Amino acid sequence: MKILCISDQIDPLIYSNNAKERFQDIDLVLSAGDLPMEYIDYVVSTLNRPTLFVFGNHNLKNFNRFHGGTRTKKRTTIDDSTTHLAGAAYVGFKVLKEGKLLIAGASGSLEYNKGESQYSDGEMNRKLIKMIPRLLYNKLRYGRYLDIFLTHAPPLGIHDKEDRCHTGFKSFLWFMRIFKPKYLIHGHIHLYDLQDIRVSVYEQTTIVNAFSHHIIRF
């Protein structure tokens, strides 16, 4: 199975007349955030493949459709059902089954200016804990907790940066240790240098920076 991972930058190789032919053997698209929904809609309509997405900390025009409230108002509870936008399924703080794959998602970045889709590590911990019942169900029914963890921010100390905005989540580390996804796909960290690291391994999980686009095989 070939999976197209995208995030943070509109890629001219995708946003082109040749995209359908160039990516014709793609089976699934995963968006790791900070992309306009119009671009995701273009990807869905052009490639005609199942597409899952999380929000980043930018391009949040539709964020409150899935996360009621603001940083100054109490957040509402997220609907547990699969919600679609621009033909793509939102997987933020949910656990879904797409074909044979078990996929969980986490939107947002570490809090740095009290904006939308920003969380403290404690807040992220609590959101991950709420997914545990479904992950345990997966283990009982399918023999594994999770295949792919789709996030916007990276884990702490892996692909992240020293500034507060681009620091990763420590909570992602225990999540990987316990639930052992084969992949963690993230965005948020822009890659402008060919020497920048895109792929790393932590415990049993391969961590991939999806900036612009990257293809993985499952």
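If you're wondering where the values come from, they're calculated on a predicted model, not measured in any experiment.

It is worth spelling out unusual backbone geometry at this point. Although it is not a glycine, Asn48 adopts a positive phi angle of roughly 55°. Relative to the elements of secondary structure, Asn48 occurs in the loop between helix 2 (37-47) and strand 3 (51-53). Unusually for a residue other than glycine, Ser212 sits at a positive phi of about 70°. As for its position among the elements, Ser212 is in strand 14 (residues 212-217). Here Ser212 falls in the buried class, since its relative accessible area comes to 9%.

Now for the sheet that holds strand 7 (residues 101-106). Pairing within the open sheet is mixed, and its six strands lie in the order 6-7-10-11-13-12. Here the strands that pair on one side only, and so sit at the sheet edges, are strand 6 (95-98) and strand 12 (199-202). Mean inter-strand twist for the sheet, computed between neighbouring axes without regard to direction, equals 25°. Taken together, the three bridges between strand 10 (residues 148-151) and strand 11 (residues 183-186) define a ladder with parallel strand orientation. Its bridge partner being in strand 11, Phe149 is matched across the sheet by Leu184.

What follows covers the packing of aromatic side chains. Taken as a whole and assessed by the stated rule, the structure comprises 19 aromatic pairs. A ring pair is formed by Phe149 and Phe172, whose centres lie 5.3 Å apart and whose planes are at 80°; its orientation type is edge-to-face. Of the two residues, Phe149 sits in strand 10 while Phe172 sits in helix 6 (residues 171-179), which places them 23 residues apart along the sequence. Comparing Phe149 with Phe172, the two get one shared label, buried. One aromatic cluster is present, built from ring pairs that chain together Tyr145, Phe149, Phe169, Phe172, Trp174, Phe175 and Phe179. One cation-aromatic arrangement involves Lys139 over Tyr145; the distance from NZ or CZ to the ring centre is 5.2 Å. Positioned above the aromatic ring of Phe218, the side-chain terminus of Lys182 is 4.7 Å from the ring centre.

Here we take up a positive patch on the surface. A contiguous patch of positive charge, built from Lys97, Lys100, Arg134 and Arg141, is present on the exposed surface. Summarising the element assignment, Lys97 is placed in strand 6.

On to the sheet that holds strand 14. Taken in spatial order, the six strands make up an open sheet running 4-5-3-2-1-14, and their pairing is mixed. Both edges of this open sheet fall to strand 4 (83-85) and strand 14, since each of them pairs with a single strand only. Direction aside, the axes of adjacent strands within the sheet are offset by 30° on average. Sheet topology places strand 1 (residues 2-7) next to strand 14; six bridges connect them, and they run antiparallel. Bridging across to strand 14, Cys5 finds its partner in His214. The strands touched by helix 2 within the sheet are strand 1, strand 2 (28-31), strand 3, strand 4 and strand 5 (88-90), with strand 3 carrying the most contacts at an inclination of about 160°.

Reading the values: rules and limits
Sequence order sets the numbering: in each chain, residues are counted from 1 along the sequence as written. Selection of residues for local features in this predicted model requires a pLDDT of at least 70, selection of side-chain atom pairs for listing and counting requires 80 or more, and totals for whole chains, interfaces and linings are taken over all residues. Computation of side-chain values covers all heavy atoms of the structure but excludes hydrogens and water. Secondary structure elements are taken from DSSP: a helix is a run of H or I of four residues or more, a strand is a run of E of two residues or more, and numbering for both begins at the N terminus. Here's how the labels work: a residue is buried when its accessible area is under 20% of the maximum for its type, exposed when over 50%, partly exposed in between, all with a 1.4 Å probe on protein chains only. We treat two strands as partners when DSSP finds at least two bridges between them. Here an angle of 0 to 180 degrees is reported between the N-to-C directions of two axes, which are lines fitted to C-alpha atoms, with helices fitted over the stretch in contact. Here a pair means two rings of Phe, Tyr or Trp (six-membered ring of Trp) with centres within 6.5 Å. Their orientation is stacked below 30 degrees between planes, edge-to-face above 60, and tilted elsewhere. Over a ring means this: the NZ of a Lys or the CZ of an Arg is within 6 Å of the ring centre and within 35 degrees of the ring normal. Exposure above 30% relative accessible area and the lack of any salt bridge qualify a residue for a patch; like charges then connect within 9 Å, and the nonpolar side chains Val, Leu, Ile, Met, Phe, Trp and Tyr within 5 Å. Only the protein chains shown count as cover for residues, and the accessible areas themselves come from Shrake-Rupley with a 1.4 Å probe. In the sections that follow, a salt bridge refers to a side-chain nitrogen of Lys or Arg positioned within 4 Å of a carboxyl oxygen of Asp or Glu. Asp and Glu are treated as the negative residues and Lys and Arg as the positive ones, with His and the ends of the chain left uncounted. Throughout, a charge is located at the NZ atom of Lys, the CZ atom of Arg, the CG atom of Asp or the CD atom of Glu. The contact criterion used throughout is that any non-hydrogen atoms of two residues lie within 4.5 Å.

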